[in-house]
Amino acid sequence: MKSTGIFVTAEELEIVKVAYQCSGMFLNSGRPIGDPEYEVKCLADKYNPPQGSGLNLKTGEFCIA
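Notes on the structure follow.

The rules behind these values
Residues numbered from 1 in each chain as written. Predicted model: local features only at pLDDT ≥ 70, side-chain atom pairs only at ≥ 80, totals over all residues. Heavy atoms only, no water. Helix = DSSP H or I, 4+ residues; strand = E, 2+ residues; numbered from the N terminus. Contact = heavy atoms within 4.5 Å. Areas by Shrake-Rupley, 256 points an atom, 1.4 Å probe, with all protein chains shown as cover. Lys, Arg positive; Asp, Glu negative; His and termini not counted. Charge placed at Lys NZ, Arg CZ, Asp CG, Glu CD. Core = buried A, V, L, I, M, F, W, Y, C linked by side-chain atoms within 4.5 Å. Buried < 20%, exposed > 50% of the residue type's maximum accessible area, 1.4 Å probe, protein only. Expected span 1.5 Å × (residues − 1). Arc of directions from axis to C-beta. Salt bridge = Lys/Arg side-chain N within 4 Å of Asp/Glu carboxyl O.

**Re the overall build of the chain**
Move 1: Counting its regular elements, the chain contains 2 helices and 3 strands.
Move 2: Helices (α) and strands (β) of the chain occur, in sequence order from the N terminus, as β-α-α-β-β.
Move 3: By its C-alpha atoms, the chain is 40 × 20 × 20 Å across when sized along the principal axes.
Move 4: The long-range share in the chain, meaning contacts at least 24 apart out of those at least 6 apart in sequence, stands at 55%.
Move 5: Just so you have it, the chain exposes about 4,700 Å², and 55% of that area is on carbon and sulfur atoms.
Move 6: Of the charged side chains in the chain, 6 are positive and 8 negative, and the gap between their average positions amounts to 3 Å.

As structure tokens, this is what we get:
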């Protein structure tokens, strides 16, 4: 993986991790509890990483595969 040098904050990374752990769980109304794809998209909009990059959940850095 190629580093981009773009890191999210520890708080933002924790939000993504919790959403990842809860993905696939739903409330009684059918609403999903965790949506990690949406959380990472919001962070990508904020930090503008290079196209094709993803968020490394261990380091909090956007990396290119």
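After that view, the rundown keeps rolling.
**Section: the nonpolar core**
Move 1: By size, the foremost hydrophobic cluster in this structure holds 7 residues: I6, V8, L13, V16, L43, L55 and F62.
Move 2: Not counting residues up to four positions away in its chain, the partners in contact with I6 are Y47, N48, P49, P50, G60, E61 and F62.

**Quick notes on the side chain of E12**
Move 1: Along the chain, E12 turns up in helix α1 (residues 10-22).
Move 2: With sequence-adjacent residues up to four places away left out, E12 is seen in contact with L43, K46 and Y47.

**So, α1**
Move 1: Taking 1.5 Å per residue, 13 residues should reach 18 Å; α1 reaches 18 Å between its end C-alpha atoms and fits that length.
Move 2: Restricting attention to buried positions, one finds in α1 the residues E12, L13, V16 and A19. Viewed along the axis of α1, the buried residues span an arc of 125°, placing them on a single side of the element. Exposed residues lying more than 90 degrees from the buried face of α1 are A10, E11 and Q21.
Move 3: As for α1, its buried residues are in contact with α2 (36-47) and β2 (53-55).

**Concerning the pattern of salt bridges**
Move 1: Across all of its chains, the model carries 2 salt bridges by this definition.
Move 2: The shortest N-O distance in the salt bridge between K41 and D45 comes to 3.0 Å. Of the two residues, K41 and D45 both sit in helix α2, 4 residues apart, roughly one turn of that helix.
Move 3: D45 sits in the exposed class, given a relative accessible area of 51%.

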